[in-house]
Structure formats: C-alpha cells, structure tokens
Amino acid sequence: MTDTSHRPQTQEKDGPIAAFLRATELDPRLIGMVGALFMIWVGFHLYGVFVLGDGSFLTPRNLWNLSVQTASIGIMATGMVLVIITRNIDLSVGSIVGVTGMYMGLLQVEWLPQWLGLGHPAIWVVTVIFGIAMGALIGAFQGGLIAYLSIPSFIVTLGGLLIWRGVAFLASDGRTISPVDATFQLIGGGPFGAVGATGSWIVAAIAGAGVLWMIVNGRANRKLHGFPLRPVWAEVFMAALGLGLIIGATMVVNAYPWPKGILKQYYDALGQEVPADAFISHGYAYPVLILLVVAIGMTVLMTRTRFGRYVFAIGGNPEAAALSGINTRAMTVKIFALMGALAGLSGVIASARLNSATNALGDLDELYVIASAVVGGTSLAGGVGTIYGAIIGALVLVSLQTGMVLIGFGDGSYRKIVIGAALVLAVYLDILYRKRIK
Amino acid sequence: MSTSNRGTPLVELRDISIAFGGIKAVDHVSIDLYPGEVVGLLGHNGAGKSTLIKCLSGAYQADAGEILINGEKVTITNPRDARSQNIETIYQTLALADNLDAASNLFLGREIVNSMGFVDESRMEAETRKIMGRLNPNFRKFNVPVSALSGGQRQSVAIARAVYFNAKILIMDEPTAALGPHETQMVAELIQELKAQGIGIFLIEHDIHSVMKLCDRAAVMKNGQLVGTVKVDDVTDEDILGMIILGKKPAKAA
C-alpha cells in the first residue's frame, strides 16, 4: 500500500452540510455553540425591541461591557479545561481570586508604598507578579495533596474554597482595601484601560496576519507530508471568516465612545474645552487583550506541546499515560499550579476592575468557571475539551447573566434560575450529540 | 531457528520476588531470554506471569531479585527506565489513550518535537502511516480517536508502538486475545519477523497451540512460583498442560 497517504478516508456520500464541514474541518460542536450564543444575543435584543421598546443588547456599549465581564471568568475557564480533562475539579478558584486579590490589595496599598513611595511605577508590576505567583503556589500545594497524598481533588479544593476565603478575611480583618494603584487599575478595563481606536486596529492587523499565517503554513505543512489538502474554496472561506470576525469585533469596540464625563475629564486634564464632535473610542479593553493572549497561549500549550498531549492522555487513560512513562503526579501538580496562576491573574483583573479588594471578590466564580468549561464541551468524564470552547462557554454564561439584567430581570433569583437551567440543558445537548456521532 | 542457549542472555531475571499485602504474587522466579528467541510464559490467571513481566517493563518494582541486561545489572524503577533499555511492552489492555488518534498513541511519551520544542504532528502522522503501512496495510483511520477502531486495529497500533522504537526486548501480554483468525496470523508472522531480526520476545499466552507454534521455550508459573522452563520441541501439549494444572515438570525435559 503506497498511496495510503493521499486518500486516507473512505469516501462516503455526504449531504451539502456534511461536505461543507468535511472541507472546512470545522467542529460541528463549535458551530452549535456559536449558534446558541448568537440566538441568546438576538433573543435578548429582540425582547428589548418588542417588549421594552428599546433593544439594548446588540449595542457597542453592551457588547464591550460583555467582553470585559467575560475576561475574568474566561481566563480561569481555560485552566479549568485542563483540570477537568484530567478528571479532576477545582472548587477553590473563586477563593483564590479572593485571597490573591486581598493580598495584592494590601501589598500595593499598604505595604509597597512604605518602601517605594505612593504611586511608584514598579508597584503594579510587583503586585501583578506577586498575585500570579501566589495563585500558582496555592494551586501547586493543592495539586501536591491531590497527586502525592491521593486525596480527591473535590475534597482538597472544597477545603481550599473555605480556607482561602477565611484567610482573605483575616488578612485584612474584613476591611475593604481601596483604591488600588492607579496603573494597576487600568488592567481592569474602563475608558482609560483600553487601547483606543488605533491600538485596536493594530491588534486586529496582528491577529489577521496570524490567521493568514496559520492557514498558509498549515497548507504548506500538509503538502510537505503529502496529506490531503483542504479545497481552496474552504481555505478562502476560513480566511474570510477569521478576518471578518476580527474586523467586525474591532469595529464594535471602536464604535463605543467615551461617555461625556470621561471626555470632560480628559480634556480638562489637557486644559482644553471638549470639542462638540468629540468621539474617542474605547477600543479593546486590557482585560480582553489579556484573555486573548491567555487563550492563544493555552491553545498552543494544549495542541502543540508535549504537556498538552500528556493532559489529554491522562484524561483518556491514566494507566496508559503512566505506562508510557508520563509522570502523572508531577503533571497534576503542574496543572493545578497553572490553574492557580490563572486564578491569580483573574484576581488582578477583578480587583483592578472593582478598584478595590473586598471579601466578596471572586465569590461563586468557581461555579461559573466550571459551568463555562462544561458548557463549552469539556467532558466531566475526562479526556475531552477545548480552550476556545471554554471561552465561548464563558461568553454564553456572562451573556445570559447580563442579558437578564438588561431586560429587567436583574434580581439575582431569575438569573440563577436561567443560568442553572442553561447549564443542565447544555450538558444534555452535549450528551445527545455524543450519542449521535457514535 | 535453533537458539543456542549459550553465551550471555539478553535478559536475565534472577530470583525475582514481589508481594502485595502479604500475598506473594511472584516468589523467587528466575528466567532468561536470548536474542532471537521467543519465550512463552504460561500459567493460570493469577499465576504471576503478568506481575513478573511488569517488573521488567517498569510498571512494578520487584521487592527482591535482580535484572540483568546483556549480563549487566540494571535498575528499572519506572516505564521510562525500561524504554531506555530498549524494552517495549504490548500490554494486554493495550494501554492506549482512547481519546487520542493513532499517531498520538504511538508516540505517547516520546513525541517528535521540532526545533522550537513544539510537537511535530505532521511528522508523527507521516511516520505512523509509514509503519502502519508495513504492519497493517489496510489501516486507514489515522485521524480518529482510537476508541473508534476495531479490536484488531487497536492491537496493531499497540504493536506499532512497540516495534517503531527499535525494541531489543519485546514483551507481549496475550497479543492475540482480542483478535480474529486473520489478525492472529498476522501477529504470528510479525513475531517470526522480529525474531529473525534478533529481538528477544517474552510472550504471555494462554493458548498452548500458539505457544507450541511460536515459542522456542516455555516457562510455566503456578501460584507465583516457576514450575519449570522447557524447550517446546522436547515436550508435548499434554506435558505443558500438566505443568500448568498440576505444577509438575515432565521428567524427560528436566
């Protein structure tokens, strides 16, 4: 058999949809998730249009806020994917956000200014590094208990949920630490915590170049090894889709201008009058860019490195992974350390956005983070999950949450009911899907 | 195909013992293997065959005894040590990660990486296509998880994994248990081919006919102890059966 490399799959008779999916190699689950997200968005918007007389969901302002609100949960959800793939769970991430947020608050507000002086430019850097490192250490410690003492992750992190929340309270005697360092605060987003119109187009150009490079490079690589190529129209379609999404998102964030108060503040600082036609775009917020970088980094980690391979292998068959010479215990420690570091990073964003460290910081985040990963197709049975799925899952949950507020069901009970129902429904649909493809 | 049992054995397991919670799973067993030789390991379920062999493959660590490779004492504490001694194992369970494709399983723990340290997926797939073309030319399913493969296809992935990395010592734990007649024949041919290359093979097997056909020597275990090792040409099926069931070594082969 010499020509196996050129025609690996048996030809089946496909409908147009199946042929399309085969040619583009798009994951049907991804399409389903994006479709669901789109329906949620349009649904909330139309409810606003017809019932309230004002559709406010699909507006630049709301979508921009949505992106910022998704950042913190989305960053942690990417880490939770690894934890769940390896058949573990981490219930402590919300409390890690709380405890790292609290210590970062104390560090930058009460401790560092004594040594460096208030407003010193190094304060925010030291604080961010400290927060991420603290999260990683907590995660590594919990991972060590799970891997080397064989305590179930559910128990270790349930303990962590209580312990770190308690530690956060004791650290400040229950006080709220505020306001945070001025530069640190920008990491949380807001009018000044965004890159503006030009910056956003630069981001878009880099992202667009990345998409094109991936498509061209992928094709060259397949050619090199004699694998079947995607049809050219499918490559063009994927490029157009990628670029279209990037340009669309950039136009949306650039269409959301600074509010009047901020404009006045800005021009006052310049010693000028606010021009009548003043329009300054927000552009991509810093936390959204951080989420983007984390998402790319985690995707590369999971799909292009040995570490990622081992995560999937451990989830698929822990015994086989160990027999293949993978140090599964060390892997568990590393995965939980990574989860902790990402929770620390989320602590940075959450406390920066709030401009304070409070005892409620990150409260119940663990549930949203786990739900995001699961809604995004990560299987609790282990072995299956994607980073992009978890981020779309986070978007779905945050959309439901903010959408309920926008249409006037902001009181917590309705929100909880809807999100709870959505979680169960998403998992049920996933089960149906898996049964059907078998 | 005569194997002269002289010179230095490829592998020598000396006086291996291992106990689990007071139960002696392997009790002072010694066994050896020469290059180009197939040694069958027989015995009831629970006789200690798999446990003994796991001490060699690094899955378990013996409580007592030594392992010699080419006459030199080695320490094998984990599967990585075994692999670095060119010991490859095909486990009865196949030890495949069901959620990964054939190439990922074949290279699991030994991925090909490019100059930037990233896993070179295309090269791994190309290599997998090459070796599968040799072992199982009908194999086509390179881009699906191995959970979607038939028993025989899964088996060929597990075998490819052992063969690809230039094993000198191959351990096969019931390699044909899940296979149809055609595939069983393919495995038999493969064993002959590997033998001719000078690879030493430990074959754990229940089917006495396969043992008589494929093996040069047979070692029989019962209740964790070695009943005896015989040349298969010197004994009959009944003799081996007697060793397995009664634990008695036939007089003439002693």
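Residues numbered from 1 in each chain as written. Chains lettered and ligands numbered in written order. Predicted model: local features only at pLDDT ≥ 70, side-chain atom pairs only at ≥ 80, totals over all residues.

**Thoughts on the overall build of chain B**
- A count of helices and strands for chain B gives 8 helices and 10 strands.
- Here the C-alpha radius of gyration of chain B, 18 Å, is about what a compact globule of 254 residues would show, namely 18 Å.
- Structurally, chain B occupies a C-alpha span of about 60 × 40 × 35 Å along its principal axes.
- Taking all contacts inside chain B whose residues are at least 6 apart in sequence as the whole, residues at least 24 apart take part in 64%. (Helix = DSSP H or I, 4+ residues; strand = E, 2+ residues; numbered from the N terminus. Rg over C-alpha atoms; globule rule 2.2 N^0.38 Å. Contact = placed C-beta atoms within 7 Å.)

**Observations regarding the domain arrangement of chain B**
Residue and element names in this part refer to chain B.
- As assigned here, chain B comprises domain 1 (1–86 + 168–254) and domain 2 (97–166).
- The gap between the C-alpha centroids of domain 1 and domain 2 is 27 Å.
- Facing 8 residues of domain 1, the contacting portion of domain 2 comprises 7 residues.
- In the side of domain 1 that touches domain 2, the residues fall into 5 nonpolar, 2 polar and 1 charged. (Domains from an automatic or database assignment. Nonpolar A, V, L, I, M, F, W, Y, C, P; charged D, E, K, R; others polar.)

**Focus on the environment of Thr-305 of chain A**
- Within the secondary structure layout, Thr-305 of chain A lies in the loop between helix 11 (286–304) and helix 12 (306–316).
- Look at Thr-305 of chain A and you get partly exposed, because 17 C-beta atoms sit within 10 Å.
- If sequence neighbours within four positions are ignored, Thr-305 of chain A has contacts with Phe-118 and Val-119 of chain B. (Buried ≥ 20, exposed ≤ 12 C-beta atoms within 10 Å, placed from the backbone.)

**Brief notes about the sheet that holds strand 7 (residues 169–173) of chain B**
Residue and element names in this part refer to chain B.
- Spatial ordering of the open sheet is given by 6-7-8-3-9-10, a layout of 6 strands whose pairing is mixed. At either margin of the open sheet sits one strand with a lone partner, and together these are strand 6 (87–90) and strand 10 (225–231). Taking the axes of each pair of neighbouring strands and ignoring which way they run, one obtains an average angle of 15° across the sheet.
- Pairing geometry for strand 9 (residues 217–222) and strand 10, over 6 bridges, is antiparallel. Across the sheet, the residue bridging to Met-221 is Leu-226, located in strand 10.
- On the sheet, helix 1 (residues 49–57) packs against strand 3 (38–42), strand 6, strand 7, strand 8 (200–204) and strand 9 and is oriented at approximately 150° with respect to strand 7. (Pairing = 2+ DSSP bridges. Axes fitted to C-alpha atoms, helices over the stretch in contact; angles between N-to-C directions.)

**Concerning unusual backbone geometry**
- Pro-179 of chain A follows Ser-178 of chain A through a cis peptide bond whose omega is -10°.
- As for its position among the elements, Pro-179 of chain A is in the loop between helix 6 (153–172) and helix 7 (182–186).
- Residues other than glycine seldom take positive phi values, yet Asp-15 of chain B does so here, at roughly 55°.
- For Asp-15 of chain B, the position within the fold is in strand 1 (residues 11–20).
- For Asn-166 of chain B, which is not a glycine, the phi torsion comes out positive at approximately 55°.
- Among the structural elements, Asn-166 of chain B can be located in the loop between helix 5 (151–164) and strand 7.

**Comments concerning the domain arrangement of chain A**
Residue and element names in this part refer to chain A.
- One can read the domain layout of chain A as domain 1 (57–190 + 285–394) and domain 2 (195–282).
- Computed from C-alpha atoms alone, the centre-to-centre distance between domain 1 and domain 2 is 26 Å.
- Every contact between the two is made by 6 residues of domain 1 and, on the other side, 6 residues of domain 2.
- A total of 4 residues in the side of domain 1 that touches domain 2 trace back to one element, the largest contributor, which is helix 3 (residues 60–85).
- Class assignment for the residues of the side of domain 1 that touches domain 2 results in 5 nonpolar, no polar and 1 charged.

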